[in-house]
Every structure is written in C-alpha cells, then in structure tokens.
Amino acid sequence: MTFSCIIIEDEPLAAEKLTGFIEKIPFLALSASFRNSLKGFHYLKEHSVDLLFLDIQMDGLTGIELLESLDRKPTVILTTAYQEYALKGYELDVSDYLLKPYSFARFLKAVNKVHDDWSKRLPSGDHKNIFIKTEYRIEKIAVDSILYIEGMSDYLRIHLADGNKIMCLQKFSAFEEALPGHQLIRVHKSFMVAMAKIDAIERLRIRIGDQLIPIGNTYKERFFELIQKNGLL
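Scope of this entry: the structure provided in the associated data block. Predicted model only: the values in this text are computed from it and were never measured.

What counts and what doesn't
Residues numbered from 1 in each chain as written. Predicted model: local features only at pLDDT ≥ 70, side-chain atom pairs only at ≥ 80, totals over all residues. Heavy atoms only, no water. Patch = residues over 30% accessible without salt bridge, like charges linked within 9 Å, V, L, I, M, F, W, Y side chains within 5 Å. Areas by Shrake-Rupley, 256 points an atom, 1.4 Å probe, with all protein chains shown as cover. Salt bridge = Lys/Arg side-chain N within 4 Å of Asp/Glu carboxyl O. Buried < 20%, exposed > 50% of the residue type's maximum accessible area, 1.4 Å probe, protein only. Helix = DSSP H or I, 4+ residues; strand = E, 2+ residues; numbered from the N terminus. Core = buried A, V, L, I, M, F, W, Y, C linked by side-chain atoms within 4.5 Å. Contact = heavy atoms within 4.5 Å. Pairing = 2+ DSSP bridges. Axes fitted to C-alpha atoms, helices over the stretch in contact; angles between N-to-C directions. Polar contact = N/O pair within 3.5 Å; in protein donor to acceptor, adjacent residues only side chain to side chain. Right-handed = clockwise from strand over helix to strand, strands pointing away. Arc of directions from axis to C-beta.

1. Focus: a nonpolar patch on the surface
A surface patch of nonpolar side chains, amounting to about 280 Å² of accessible area, comprises Tyr-155, Met-167 and Leu-169. Met-167 sits in the partly exposed class, given a relative accessible area of 35%.

2. Brief notes about the environment of Gly-209
Here Gly-209 shows up in the loop between strand S15 (205-208) and strand S16 (211-214). On the accessibility criterion, Gly-209 (35% relative accessible area) is partly exposed. Through-space distance from the C-alpha of Gly-209 to that of Leu-147 is 9.0 Å; in sequence the pair is 62 residues apart.

3. Details of the nonpolar core
Core analysis: the biggest nonpolar cluster contains 22 residues, and Ile-6, Ile-8, Leu-52, Leu-54 and Leu-66 have the highest contact counts within it. Among the elements of the structure, strand S1 (3-8), strand S2 (28-34), helix H2 (37-46), strand S3 (51-55), helix H3 (63-69) and strand S4 (75-80) are those that each provide at least two residues to this core. Dropping the residues within four chain positions of it, Ile-6 is found in contact with Leu-30, Ser-31, Ala-32, Phe-34, Tyr-43, Leu-44, Val-49, Leu-51, Leu-52 and Phe-53. Core analysis: the next-biggest nonpolar cluster, separate from the first, contains 19 residues, Cys-5, Phe-27, Phe-53 and Val-111 among them.

4. Thoughts on the sheet that holds strand S9 (residues 146-152)
Taking strand neighbours across the sheet as the criterion, the five strands line up as S11-S10-S9-S13-S12 in an open arrangement whose pairing is antiparallel. Every other strand in the sheet has two partners, leaving strand S11 (165-168) and strand S12 (184-188) as the edge strands with one partner each. Strand-to-strand twist across the sheet, computed as the mean angle between neighbouring axes with direction ignored, equals 20 degrees. Here S9 runs beside strand S13 (residues 191-194); their pairing, made up of three bridges, is antiparallel. Bridge assignment links Glu-150 to a residue of S13, and that residue is Phe-191.

5. Comments concerning the side chain of Lys-100
Residue position: Lys-100 is located in the loop between strand S5 (96-99) and helix H5 (104-121). Of the residues examined, Lys-100 reaches a relative accessible area of 17% and is grouped as buried. For Lys-100, the side chain forms a polar contact with the side chain of Glu-9, separated by 2.8 Å. Non-local contacts of Lys-100, meaning those with residues more than four positions away in its chain, are made with Glu-9, Glu-11, Ala-14, Asp-55, Thr-79, Thr-80 and Ala-81.

6. Here's the deal with the pairing of S4
Of all six residues in S4, six are buried, a share of seventy percent or more. Here S4 shows two buried faces, one formed by Thr-75, Ile-77 and Thr-79 and the other by Val-76, Leu-78 and Thr-80. One ladder, built from five bridges, connects S3 with S4; its direction is parallel. Bridge pairing in S4 links Phe-53 to Ile-77. The parallel pair S3 and S4 is bridged by H3, and the resulting crossover is right-handed. The pairing of S4 with S5 spans four bridges and is classified as parallel. Looking at S5, one finds that Ile-77 is bridged to Asp-96.

7. What about unusual backbone geometry?
A cis amide bond, omega -5 degrees, links Lys-100 with the succeeding residue Pro-101. Summarising the element assignment, Pro-101 is placed in the loop between S5 and H5.

8. Some details on H2
Of the positions making up H2, those classed as buried are Ser-37, Gly-40, Phe-41, Tyr-43 and Leu-44. Along the long axis of H2, the arc covered by the buried residues comes to 160 degrees, so they all point the same way. The outward face of H2, more than 90 degrees from its buried face, is lined by the exposed residues Lys-39 and Glu-46. In the core, the buried residues of H2 are packed alongside S1, S2, S3 and H3. Backbone nitrogen of Leu-38 and a side-chain oxygen of the N-cap are separated by 2.8 Å at the start of H2; the cap is Asn-36.

Take a look at the structure:
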C-alpha cells in the first residue's frame, strides 16, 4: 500500500534532500511540496494527506502555528534545526522529530515507525470478522453484516444489515487488501459493495435494499467479470 505525503519546508536544499529521501521509500508517494507555509496550510484544508513533513521555523506561519490551526491533522514528522521545539512537537502528538542535518538512516527510522503505526490501524480479521478503528474504539464487525461502504470525504461510512452505520478513518484500499474480492468489491470511487447483498443490477446501478449504488466506468469491467466468474450471468 502507498501513502501520500507532502513537504512544507522553506529551505530549497532541505526540501530537495527530503524529496530524494522520500523517492527511495516504496510505500510513500509525494503529492506536493511547498516553500510557503500558508500555501501548504490551504492545501491541507482541501486535501487528504497521510503524512506531513513539516519545518518549524518559517516566515508568515510557523510549523507549530500551522499544526495548531488544523482541525484535521495528518501524521506529522517535524524537521528543524532547533532542538528546543522538540517538546512542543510532542505535545502536538507528532510522530517523530528530525533534527537537521539528519541522515537517511535517521529518516528511514522515522518513516518505518510511521508505517508500523499505520499497519496497526488497517482492518484485520479472519474473513468472517473485521476489526475497524473508529474515533474512540476498535469495533469487531461480522463481514457478512456489511451491506456497502460509502466514501465520505476523509472518512468511510460502513452500512450494516441491522441499519447501523459506522464511521472510520480508513481507505478503501485497506478493505481491498484485508478481504477477498468476492466479499467486498469496489464498484465506484465512492462505493464498495458486498457481493452477497446485491438484490439487483439495473443498467449501471446496483440495488441493495432501497439504496441504488452507481457502477463507475473504471470499475465496471472487473465487476461484471467477477459476476460471470461466479456463474451469476
């Protein structure tokens, strides 16, 4: 699985070095890099990001001020030449603190720590049950109770057969990796459906109960191939 990251760093050489380090890590994908902290702040307000590499001492808006201003924070690794900010960084629940000039080995240690933390949050189970991390707890859900999963901005809403809905901060890819494709399948950029819960297919729409779910062009070929493979067509 690949995770998105951005850099907010006003020193060109430091940003270039960090970019080079990120390119060596197979599970990181650099989405954007900003020399201006305000531009980075506005990007974070409008885009979902998994990991933020953030300098502290910047003109206009410091890294600490930026973090304190965000309602929804990604995982953060601070990068700075000033050790005195370390305590403040940890008060803001950052994942790690890279003191410049840092080596690739130290960078690798930081991102591996983040990767380990992310891995613990991914859905896990035995294909009969799945464990979901919600905001306040980890819930065990029977896979056969899931009707469909709906993308809601940075969250997923899991619709259950008993009418309950569970919100979780996950990615669709986490479910795709945790479960076999015949159980839950992606049919649209904003929907996954439980194959066993499909009541009907009406043109390019799936009906589950009273809900009509669109089939996106990107996913329709794989969806209908899976139906044929299971002898349903």
